[in-house]
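Inside the fold
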Amino acid sequence: MKELHLLSAGAAQSVATALIPALRAAESAEVRATFRPVGALKEMLLAGEPCDVLVSTATMLAELARDWRVLPASIRTLGHVQTGIAVRSGEPVPAIGDRALLRASLAAVAGIYLPDPDRATAGMHFVKLLRALGLYDDVAPRLHAHPNGASAMEALASSRGSGLIGCTQVTEIKATPGVMLAGALPAPFELATTYAVAVCNSSRDPELAQRFVQMLAGPDSLELRRQAGFEV
């Protein structure tokens, strides 16, 4: 049986997961999918982790293409993903429409769930936001960091108490039952990350890998990507 190894950023998890059964049916291929923060993906790839298809930021894929770790001609854009604020489903939605409203809302929260600021783009950006607002020292004890955005949202969904929010990429918020999107971060703190997909140079079946790239980035998945939170 054919086998495909997918290494993917969590932002694309819902899209990739939805398309994997179609690849299995069309190609009789077994798919091993691993979803991690972008920083962890690069570490895994450089450490020799088997990979046929890589989904990551467009910036990282361009860097890896220069080192020939992914095939430059295979790179396809999936879309842009904003970073947003989440609350548990049914909870009051904080006002975050401008700098003053965002600062007041963040200062008042009882807890904030976010992906690891040392490894995940959304977590890093949120800590910078807190510093820019002069809130970091006050809010830091209320931060609950998790390995990735998906686990942060799952923790928020199962949390108890009031005044709790989360911050991660919109795709991860929309993919988690029990939480809802309050809105994207406002200017000047908005963060849109461009994601792309490529065939790894180490792929044992580059033709199969290329077909999956086309499924992920092609017109047939356009509506699926939009529903997941990609701006395409």
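To start, this report covers the structure provided alongside it. Values in this document were obtained by computation on a predicted structure and should not be read as measured data.

**Observations regarding empty space enclosed by the protein**
To find leftover empty space, a probe the size of one water molecule is rolled over the atoms. In total, this model carries one cavity of 30 Å³ or more according to the counting rule given. The calculated volume of the largest cavity comes to roughly 120 Å³. Taken together, 16 residues form the lining of the largest cavity, with Pro37, Ala120, Gln169, Glu172 and Tyr195 sitting closest to its centre. Secondary-structure elements contributing two or more residues to the lining of the largest cavity are helix H5 (121-132) and strand E7 (164-169). Looking at the lining of the largest cavity residue by residue, the class counts come to eight nonpolar, six polar and two charged.

**With respect to the nonpolar core**
Counting residues in hydrophobic clusters, the biggest one holds 43 residues, and the most contacted among them are Leu4, Leu54, Leu78, Phe212 and Leu216. Ranked by the residues each element gives to this core, the list is headed by helix H9 (residues 206-217), at six residues. Those residues within four positions of Leu216 in sequence are excluded, and the remaining contacts are Val15, Ala16, Leu19, Val55, Leu78, Val197, Ser221 and Arg225. Core analysis: the next-biggest nonpolar cluster, separate from the first, contains 19 residues, Leu102, Ile112, Leu114 and Leu135 among them.

**A closer look at the packing of helix H4 (residues 99-108) against H5**
At their nearest, the axes of H4 and H5 sit 11 Å apart, and the two run at 100 degrees to each other. The angle between the axes of H4 and H5 places the two elements in the roughly perpendicular class. Residues Arg99, Leu102 and Leu106 of H4 lie in contact with H5, whose contacting residues are Phe126, Leu129, Leu130 and Ala132. Classifying every residue of the contact of H4 with H5 by side-chain character gives six nonpolar, no polar and one charged.

The rules behind these values
Residues numbered from 1 in each chain as written. Predicted model: local features only at pLDDT ≥ 70, side-chain atom pairs only at ≥ 80, totals over all residues. Heavy atoms only, no water. 1 Å grid on protein atoms, 1.4 Å probe; cavity = no way out; pocket = protein on both sides within 12 Å on 5 of 7 lines; lining within 4 Å. Points joined across faces, edges and corners; volume = space filled by probe spheres on them. Helix = DSSP H or I, 4+ residues; strand = E, 2+ residues; numbered from the N terminus. Nonpolar A, V, L, I, M, F, W, Y, C, P; charged D, E, K, R; others polar. Core = buried A, V, L, I, M, F, W, Y, C linked by side-chain atoms within 4.5 Å. Buried < 20%, exposed > 50% of the residue type's maximum accessible area, 1.4 Å probe, protein only. Contact = heavy atoms within 4.5 Å. Axes fitted to C-alpha atoms, helices over the stretch in contact; angles between N-to-C directions. Parallel < 35°, antiparallel > 145°, perpendicular 65-115°, else oblique.

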